[in-house]
Amino acid sequence: MRGIVSNFRIFLVLYRWFICLTICLFYITAIPDSTLLFLLLSLLFAVNIVVSILLFRPVSQKKQILLAVFDSLISAFLLVMTDGWSSPLVYQAYSSLLLFAFQMWGVPLLAYALLFFLTTMLVPTDPSNAIILDETMTKQLHIIMQGFTFVTLYLLGSYVVSYLLKQYRNALLLLRFLRSVPAVVQTADIAAHVEVLLIRILEVQHVFFYDSLEQEHSGEWLKALYRTKVVEQQRTNAFPLQKAGVVSPTCDHEDGYYYYPLLENGSLAGIIVIPLEEKRSLTRTDLFFLNVVSCVVKLHLRLISLKVETNEAAHSYLRKKLAQDMHDGLAQQLFFLSAQLFRMKQNMQPIHNDELASAMEGMEQQVKECHLEVRDVIANLRDEYEPCHIFDAVRKLLGRTTANSSLHLEYVTRGRVVKENVLVEEAIYRFVEESVYNVLKHARADELHVVLEATAVQWTVTVRDNGRGFAVQEQAHRKERFGLIGMKERVERVGGTVTIHSEASKGTLVVAVIPRWGYTTNG
C-alpha cells in the first residue's frame, strides 16, 4: 500500500506542476502587466514548490495536514480572485482536495470538502478586482486541462489495474503453494518451494530459506555465503534473530539483505534471507505475502516434526517388541541348543575320528557365534549397543563370518565419515552381512572383495566374489529368496538402490548406492 500511495503522490505532483505552468503561461500572455496577477502566480508557484518538497519528506502527519489545509486555502483564494468555479484554477482546487485526502479519510474528508465548496461558493467575486481571461482563452485552457486530466486519470487507472493484476497473480501463486505444501515431506523440498515462490512474488533474484543456521549448504555457494553472513552478524550482535529487518551493506560493493526469522514457541524454526539490490525495499504487500508464507511453513514444519516424532515412537516400540520376542524365543533356543551340544560332548565317548571331532567343535562354535549375533541384534534393536564406526563394525563382521572359511578376504574403505544416520549405517551393515552369508552358503568362492566408499553425496558398497554365479532373473522370481528381497527393501527404505550382476562360473557383483543427505524417516 505504501508503494501505491507513493506513486499516487508522484502523479499528483506532476499533475499540479502541469496545471501551474500552463496557467502561468496563459495568464501572463493574456495579462502581462498585472501586479496582482504576478503575486497570485508567484504564490501558486511557491505553494507547489513547498508541496513537492514536503510531500516526500518524513514529516509528521500533523504537519502534512497543516500543509494540505494551507494549500486548500490558497486554492480557494485563487478561485475567488479568478472568476470562481468557472476559472481554470478549479483543477488546482481539485488537486488540493486530493492532497488533503492523502492525510484524512472518511467523515473528516467529506466534511472538509463540503466546507471548501461552501466557502468558495458563498464568498462573492469582485468583478473589479477579478482576473478574468477572455472567453476564447478560457475555453482553450479548459480543453487543455481536461485533456491532461483524462491522460493522468488513464495512466493512474492503468497503474492501479496493473497493480491489482499483479496481486491477483501473486494470490494465485500463493494458493498453488498452499495446495502443494501438504504433499511435501522433506524440509529441503519445502525450502525449494518457498524460495521459488518468494522469488516470483517479490520479484527478486534470490531468496534463501534455512531451516537451521548450523546446517551446511555445500551444494549452493551463494546460499552458504549468506548463511555465513547471517551467522557472523548474529555473533557480533549486529541484529537479533528474533526480529525481522534489513542489514545495511558492510562494504561498498555489497548490497544489503532482509532477514525474516520464523519463530515457533520462542525458538528459531527457520530464517528467510532476501538479498536486496541497491535502493530496493519491501513494500507492505510484500511483507503481507511473506507473513502468510512464513505462517504456512511454520505450521508444515511442525507437522513434519510431529510426524517424525510419531514414526520414531512407532519404530522404537516395534524394535523393542521385536527385541523382546527374539530374546524370549530365538536367543533362548540357541542357548538351550548350545547347552545340549556341550552336554552331548560330555556324555559321549572320546571321538577318535578327527574329521568328526572337528565338525563337532565347529558346530559348537557356530552356535555360540549365532547366539552372540542374536544378542547383538537384540541390543541394537533396544538401542543398547556400544557406538562403533561403520568401517570398524563391518571389519569385525567380516572377520567373524569368514574366520572358519577358506575365503581370501580383501576389505577396502575409502573416504572419511564423521557421523551418519543410524538407519543408513544399519542398512549398510545388513547389506554386507547378507551378501557375505550368500557367498559362504551358495557361491563356492575362494576370493571375496568388499569395498565401502563414502563421498559427500553417497555411499557405495560393493561385494564381489569369484564363485559359480547364478541367473539373476530366475533367482529374483523365486519366492524363497527372502534374503535378496529383504536386502533390497532395507536399502530402498533409506533411499538407495541395489544392483546385482552375475554370470555362471564368473562370480557375482552386488552394489548398493545410498544417498548420505536428505534422508527422512517415512514410517
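K.L.:
What am I meant to see in empty space enclosed by the protein here?
P.N.:
Taking a probe equal in size to a water molecule and rolling it over the atoms shows the remaining empty space. If you walk through the whole model with that rule in mind, you get one cavity of 30 Å³ or more. The space that makes up the largest cavity amounts to roughly 50 Å³. If you trace the largest cavity, you find it lined by Ile 23, Tyr 27, Leu 37, Leu 40, Leu 41, Leu 44, Leu 78, Thr 82 and Leu 89. Residue assignment for the lining of the largest cavity shows that the elements contributing at least two residues are α1 (2-30) and α2 (35-54). The leading source of residues in the lining of the largest cavity is α2, at four residues.

K.L.:
Just checking my understanding: could you explain the packing of aromatic side chains for this structure?
P.N.:
Each aromatic ring pair is characterised by the separation of its centres together with the angle its planes make. Applying the stated criterion across every chain yields a total of eight aromatic pairs. Ring geometry for Phe 208 and Tyr 226: centres 5.6 Å apart, planes at 35°, overall tilted. Separated by 18 residues along the polypeptide, Phe 208 in strand β1 (residues 208-210) and Tyr 226 in helix α8 (residues 221-235) bring together distant segments of the chain. As far as burial versus exposure is concerned, Phe 208 and Tyr 226 are alike and both buried. By way of ring pairs, the aromatic residues Tyr 15, Phe 18 and Phe 148 are connected into one cluster. Over the ring of Tyr 210 we find Lys 223; its NZ or CZ atom is 5.7 Å from the centre of that ring.

K.L.:
Teacher, can you tell me more about the packing of helix α6 (residues 135-180) against helix α7 (residues 187-202) here?
P.N.:
Geometry of a packed helix pair, given as the angle between the helix axes and the separation of the axes. Their axes nearest at 10 Å, the elements α6 and α7 cross at an angle of 175°. Judged by the inter-axis angle, α6 sits roughly antiparallel to α7. Facing Arg 169, Asn 170, Leu 173, Leu 174, Phe 177 and Ser 180 of α6, the residues of α7 in contact are His 193, Val 194, Leu 197, Arg 200 and Ile 201. The residue makeup of the contact of α6 with α7, split by class, is six nonpolar, three polar and two charged.

K.L.:
Explain the confidence of the model for the protein chain here, please?
P.N.:
Do not read the predicted coordinates in detail wherever pLDDT is low. When pLDDT is averaged along the protein chain, the result is 77, and 80% of the positions lie at 70 or above. No element of the protein chain has a lower mean pLDDT than helix α13 (residues 472-476), at 59, and none a higher one than strand β6 (residues 447-454), at 93. Contacts from residues 249-254, a stretch scored under 50 in pLDDT, to residues over four places away or in other chains number five contacts. Below pLDDT 50 for its whole length, residues 518-523 participates in 14 contacts with residues either more than four positions away or in separate chains.

K.L.:
Explain α7 here, please?
P.N.:
The periodicity of an α-helix, 3.6 residues per turn, causes residues three or four places apart in sequence to face the same way. With 16 residues, α7 extends 22 Å between its outermost C-alpha atoms, agreeing within 8% with the 22 Å of an ideal straight helix rising 1.5 Å per residue. Three or more residues of α7 are buried, namely Ile 190, Ala 191, Val 194, Glu 195, Leu 197, Leu 198, Ile 201 and Leu 202. At its buried positions, α7 is contacted by α6, β1, α8, β4 (267-275) and α9 (284-347). Glu 203, located one to two residues past α7, shows a positive phi value of around 60°.

What counts and what doesn't
Residue numbers here run from 1 along each chain, matching the order of that chain's written sequence. Two thresholds apply to this predicted model, a pLDDT of at least 70 for residue-level local features and 80 or more for giving and counting side-chain atom pairs, whereas whole-chain, interface and lining totals are computed over all residues. Note that water and hydrogens are dropped before the side-chain values are worked out from all heavy atoms of the structure. Detection works on a 1 Å grid of protein atoms alone, calling trapped sets that fit a 1.4 Å probe cavities and calling open sets with protein on both sides within 12 Å along at least five of seven lines pockets, with lining residues defined by an atom within 4 Å of a point. Grid points are joined across faces, edges and corners, and a volume is the space filled by probe spheres set on the points. Secondary structure follows DSSP: runs of H or I at least 4 residues long count as helices, runs of E at least 2 residues long count as strands, and numbering of each begins at the N terminus. In this scheme Phe, Tyr and Trp rings, the latter by its six-membered ring, pair at centre separations within 6.5 Å, and the angle between planes marks the pair as stacked below 30 degrees, edge-to-face above 60, and tilted otherwise. In this scheme, a residue with accessible area under 20% of its type's maximum is buried, one over 50% is exposed, and one in between is partly exposed, where area comes from a 1.4 Å probe on protein chains only. Criterion for a charge above a ring: Arg CZ or Lys NZ at most 6 Å from the ring centre, at most 35 degrees from the ring normal. Helix axes use the C-alpha atoms of the stretch in contact, all axes being lines fitted to C-alpha atoms, and the angles between their N-to-C directions lie in the range 0 to 180 degrees. In what follows, roughly perpendicular refers to angles from 65 to 115 degrees, roughly parallel to angles under 35, roughly antiparallel to angles over 145, and oblique to any angle outside these ranges. Any two residues whose heavy atoms approach within 4.5 Å at even a single point are treated as in contact. For this classification, Asp, Glu, Lys and Arg are treated as charged, while Ala, Val, Leu, Ile, Met, Phe, Trp, Tyr, Cys and Pro are nonpolar and the rest, including Gly, are polar. Every residue carries a pLDDT, the predictor's confidence in it, which falls somewhere between 0 and 100. For a helix, the expected span equals 1.5 Å multiplied by the number of residues minus one.

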